[in-house]
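Reading the structure
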Amino acid sequence: MPPVNEPSHQIPFREAVMVWLRIAMLSFGGPAGQIAVMHRILVEEKKWIGERRFLHALNYCMMLPGPEAQQLAIYLGWLMHRTKGGVVAGTLFVLPGFIAILALSYLYAALGNVGLVEGLFFGLKAAVLAVVLNAVARIGKRALQNRIMLGLAAIAFAAIFFFDVAFPIIILGAALLGYWGSKSGMAAFQVGGGHGDGNDQGLSDRDSLLGEGLPAHARPNSSWSLRMSATLLLLWLTPVVVLFVMLGSENVFSQIAIFFSKMAVVTFGGAYAVLGYVTQEAVQNYGWLAPGEMLDGLGMAETTPGPLIQVVQFVGFMGAYRDATGLDPMLAATLAAVLTTWVTFVPCFLWIFLGAPYVERLRDNRALSAALSAITAAVVGVILNLAIWFGLHVIFAEVEERHLMGARLLIPNLASLDLFALLLAAGAMVAIFYFKVSMLKVLFGCALLGVLASLVSF
């Protein structure tokens with residue numbers, strides 16, 4: 001048996017670094033597009049990972065809080081080259097998007113009141129609405145394959161849209177229901193999950209370069225897991241504790257560190273599913289952004305490589321930029337962007353390094369698969385809630401919140417209808433759903449139309 005610290009395959013680490021950089025630069029289109037890129041390169045092109053092992057890793061990552069696409073990259077990087085492979089894969093997956101969003105944030109903060117910039121983000125908002133609806137349709141087609149799953153999605157939607165039930169409660173309830181359904185022998189819960197398009201007819205694990213068995217370097221090792229967990233916990237929480245002790249709980253840097261650390265623990269189901277929670281806190285509780293600005297940030301994340309949840313970097317940037325910290329606003333904003341990214345993504349390494357060695361031994365666990373299927377169905381309902389929320393705020397300038405018999409209702413002011421936004425959003429939907437135009441082309445097209453409209457004072 002090879003030494004436990006050495007990979008037992010013939011995948012060169014230097015080549016893997018270049019492949020992860022290539023994946024990072026091509027990772028547009030949200031988790032579905034990012035996972036598809038990884039699948040195409042690692043499974044179909046390089047034949048490093050087998051189909052079944054790829055989907056098993058994805059299933060585990062979907063059950064974790066945080067961005068499943070980045071966590072999948074960490075998992076697969078670790079599986080091939082252990083610690084250094086996971087660190088490189090996960091870091092490179094985030095780095096291009098971080099740089100791009102930081103540059104766009106500078107532009108937004110410096111020139112946000114200029115007509116051209118306003119037109120650019122106005123166009124992006126309309127396109128983002130179509131993209132989110134496309135995510136509902138795409139994930140729903142895969143996950144809602146029977147009446148039970150449809151019902152679960154409907155219950156999740158009603159719970160969060162009308163009664164503001166906490167997202168983690170919805171996910172926990174769905175997971176428990178899926179687990180119970182599996183133990184009860186209900187076939188309705190064995191429908192698979194995930195965003196990918198792979199199937200069991202693809203590359204077999206046996207024929208992949210990694211092989212079918214568990215690599216020696218990936219076998220569970222309690223000592224290694226404890227050391228890595230302790231190191232990552234210190235890296236993650238030390239800045240949070242230091243900022244809280246030195247600056248107090250009311251300082252914007254302390255608030256950013258604490259809030260996004262909490263988000264890293266409780267947000268499941270991918271970026272679309274958690275944006276409602278982030279928006280509510282950032283806009284209504286902390287006052288870092290206006291509702292329309294959250295859509296601007298999502299437009300940035302949609303048009304740059306990397307996880308969509310990287311929109312939180314823009315949230316932290318603007319929160320510190322507008323807060324009186326005693327620092328130059330741009331410097332404070334830059335530090336906040338780094339802090340937000342740090343506390344959001346460092347926990348992803350912790351979840352993978354702590355659990356992946358043990359999860360690799362559960363590739364045939366049907367209860368795990370059933371819990372995932374139920375979670376994915378519930379996430380469809382949550383994303384639909386996000387799509388409707390976005391739609392109302394894109395198309396109407398005024399949306400009133402009312403309560404009736406314990407239910408929350410969002411009532412738009414019909415007189416505040418933005419006809420151009422409605423037409424632009426409708427055009428984006430037709431382009432994506434009917435003509436199958438790529439998401440990036442639709443985003444750039446809508447952004448261009450927004451700029452042109454600002455030039456002619458539409």
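The name given to the protein in an unreviewed UniProt entry is Chromate efflux transporter, with the source organism recorded as Vreelandella alkaliphila. Regarding the protein, the relevant UniProt record gives this comment under Subcellular location (unreviewed entry): "Cell membrane". As recorded by UniProt, the Sequence similarities (unreviewed entry) comment attached to the protein reads in full: "Belongs to the chromate ion transporter (CHR) (TC 2.A.51) family."

Turning to the state of the cysteines, a few remarks are in order. Overall, the coordinates contain zero disulfides when judged by the stated rule. Among the cysteines around cysteine 348, which has no disulfide bond, cysteine 61 carries the closest sulfur, lying 9.3 Å off.

Once that is clear, we can look at the pattern of salt bridges. Scanning the model with the defined rule gives five salt bridges in all. Measuring nitrogen to oxygen at the nearest pair gives 2.8 Å for the salt bridge that ties arginine 22 to glutamate 45. Taken as a pair, arginine 22 in helix H1 (residues 13-26) and glutamate 45 in helix H2 (residues 30-45) lie far apart in primary sequence, 23 residues in all.

Another point: the packing of helix H3 (residues 51-62) against helix H13 (residues 329-359). Viewed as axis vectors pointing N to C, H3 and H13 meet at an angle of 135 degrees, and their least axial separation amounts to 11 Å. Considering their axes alone, H3 and H13 lie oblique with respect to each other. When the axes of H3 and H13 are compared, the crossing they make is right-handed. Here H3 contributes His56, Tyr60 and Cys61 to the contact with H13, which in turn contributes Trp351, Ile352, Gly355, Ala356 and Val359.

The terminal C-alpha atoms of helix H16 (residues 439-455) lie 25 Å apart, and with 17 residues this matches the ideal 24 Å at 1.5 Å per residue to within 8%. When H16 is considered as a whole, its buried residues turn out to be Met439, Val442, Leu443, Cys446, Ala447, Gly450 and Ala453. All buried residues of H16 fall inside an arc of 130 degrees around its axis, so they share one side. For H16, the exposed residues set more than 90 degrees away from the buried face come down to Lys441, Leu448 and Leu455.

As a further point, take the packing of helix H15 (residues 419-434) against H16. At a minimum axis separation of 10 Å, H15 and H16 run at an interaxial angle of 155 degrees. On the basis of the axis angle, H15 is roughly antiparallel to H16. The chirality of how H15 crosses H16 is right-handed. Contact residues: Phe420, Leu424, Ala428, Ala431 and Ile432 in H15; Val442, Cys446, Leu449 and Ala453 in H16. Across the contact of H15 with H16, the residue classes tally to nine nonpolar, no polar and no charged.

About the thresholds
Residues numbered from 1 in each chain as written. Predicted model: local features only at pLDDT ≥ 70, side-chain atom pairs only at ≥ 80, totals over all residues. Heavy atoms only, no water. UniProt positions renumbered as here; feature names shortened; annotations may be inferred. Disulfide = S-S within 2.5 Å. Salt bridge = Lys/Arg side-chain N within 4 Å of Asp/Glu carboxyl O. Helix = DSSP H or I, 4+ residues; strand = E, 2+ residues; numbered from the N terminus. Axes fitted to C-alpha atoms, helices over the stretch in contact; angles between N-to-C directions. Parallel < 35°, antiparallel > 145°, perpendicular 65-115°, else oblique. Left-handed = near helix turned anticlockwise from the far one by under 90°. Contact = heavy atoms within 4.5 Å. Expected span 1.5 Å × (residues − 1). Buried < 20%, exposed > 50% of the residue type's maximum accessible area, 1.4 Å probe, protein only. Arc of directions from axis to C-beta. Nonpolar A, V, L, I, M, F, W, Y, C, P; charged D, E, K, R; others polar.

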